[in-house]
Amino acid sequence: MPKISVLLPVYNENPAFLDQAIESILAQTVRDFELLILDDGSDVTTAAHLDAWAARDARIRVAHLPHQGITKTLNHGIAESR
């Protein structure tokens with residue numbers, strides 16, 4: 001079980017900005033964490049981009065959710081965090 005869960009809510013984001021955010025989180029000095037990316041009903045392109053990140057690093061999990069807004073999306077992330 002990771003010591004820290006980092007929640008990153010996403011909805012149809014620019015892939016370049018996503019990459020910057022994910023790379024920044026992965027570059028932290030604390031290594032014992034999970035990055036839970038909460039896909040709030042993004043388009044297919046964004047969802048596939050997130051899945052590619054998860055395939056590269058075991059600390060990343062992606063939850064594909066129906067579009068429900070930031071509050072419900074983050075609440076889902078809290079419930080899913082380890």
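Residues numbered from 1 in each chain as written. Predicted model: local features only at pLDDT ≥ 70, side-chain atom pairs only at ≥ 80, totals over all residues. Heavy atoms only, no water.

### Describing unusual backbone geometry
- Its identity as a non-glycine residue notwithstanding, Asn-12 has a phi of 45 degrees, on the positive side.
- Tracing the backbone shows Asn-12 in the loop between strand S1 (4–10) and helix H1 (15–26).
- Since its relative accessible area comes to 34%, Asn-12 is described here as partly exposed. (Helix = DSSP H or I, 4+ residues; strand = E, 2+ residues; numbered from the N terminus. Buried < 20%, exposed > 50% of the residue type's maximum accessible area, 1.4 Å probe, protein only.)

### Structural notes on the pairing of strand S2 (residues 33–40)
- Among the eight residues in S2, eight count as buried, and that is most of the element.
- The alternating pattern of S2 places Phe-33, Leu-35, Ile-37 and Asp-39 on one face and Glu-34, Leu-36, Leu-38 and Asp-40 on the opposite face, and all of these are buried.
- Sheet analysis places S1 next to S2, joined by seven bridges and oriented parallel. Within S2, the position partnered with Val-6 by the bridge is Leu-35.
- On the question of chirality, the crossover connecting S1 to the parallel S2 by way of H1 is right-handed.
- Here S2 runs beside strand S3 (residues 60–65); their pairing, made up of six bridges, is parallel. Pairing of Asp-39 across the sheet is with His-64, part of S3. (Pairing = 2+ DSSP bridges. Right-handed = clockwise from strand over helix to strand, strands pointing away.)

### Things to note about the pattern of salt bridges
- Counting across every chain of the model gives three salt bridges.
- One salt bridge connects Glu-34 with Arg-61, and the closest N-O pair in it is separated by 3.0 Å. Separated by 27 residues along the polypeptide, Glu-34 in strand S2 and Arg-61 in strand S3 bring together distant segments of the chain.
- Taking the relative accessible area as the measure of exposure, Arg-61 reaches 22% and is therefore partly exposed.
- Measuring nitrogen to oxygen at the nearest pair gives 2.8 Å for the salt bridge that ties Arg-59 to Asp-57. (Salt bridge = Lys/Arg side-chain N within 4 Å of Asp/Glu carboxyl O.)

### Some thoughts on the side chain of Asp-39
- Here Asp-39 is to be found in strand S2.
- Of the side chains with opposite charge, Arg-61 lies nearest to the buried Asp-39, which makes no salt bridge, at 14 Å.
- For Asp-39, the side chain forms a polar contact with the side chain of His-64, separated by 2.7 Å.
- Filtering out sequence-adjacent residues up to four positions away, Asp-39 remains in contact with Val-10, Ala-47, Leu-50, Val-62, Ala-63, His-64 and Leu-65. (Lys, Arg positive; Asp, Glu negative; His and termini not counted. Polar contact = N/O pair within 3.5 Å; in protein donor to acceptor, adjacent residues only side chain to side chain. Contact = heavy atoms within 4.5 Å.)

### Overview of the environment of Asp-51
- In this fold, Asp-51 is placed in helix H2 (residues 44–56).
- On the basis of relative accessible area, Asp-51 is assigned to the partly exposed category, the value being 38%.
- Distance in space between the C-alpha atoms of Asp-51 and Glu-13 is 14 Å, their sequence separation being 38 residues.
- Those residues within four positions of Asp-51 in sequence are excluded, and the remaining contacts are Val-62 and His-64.

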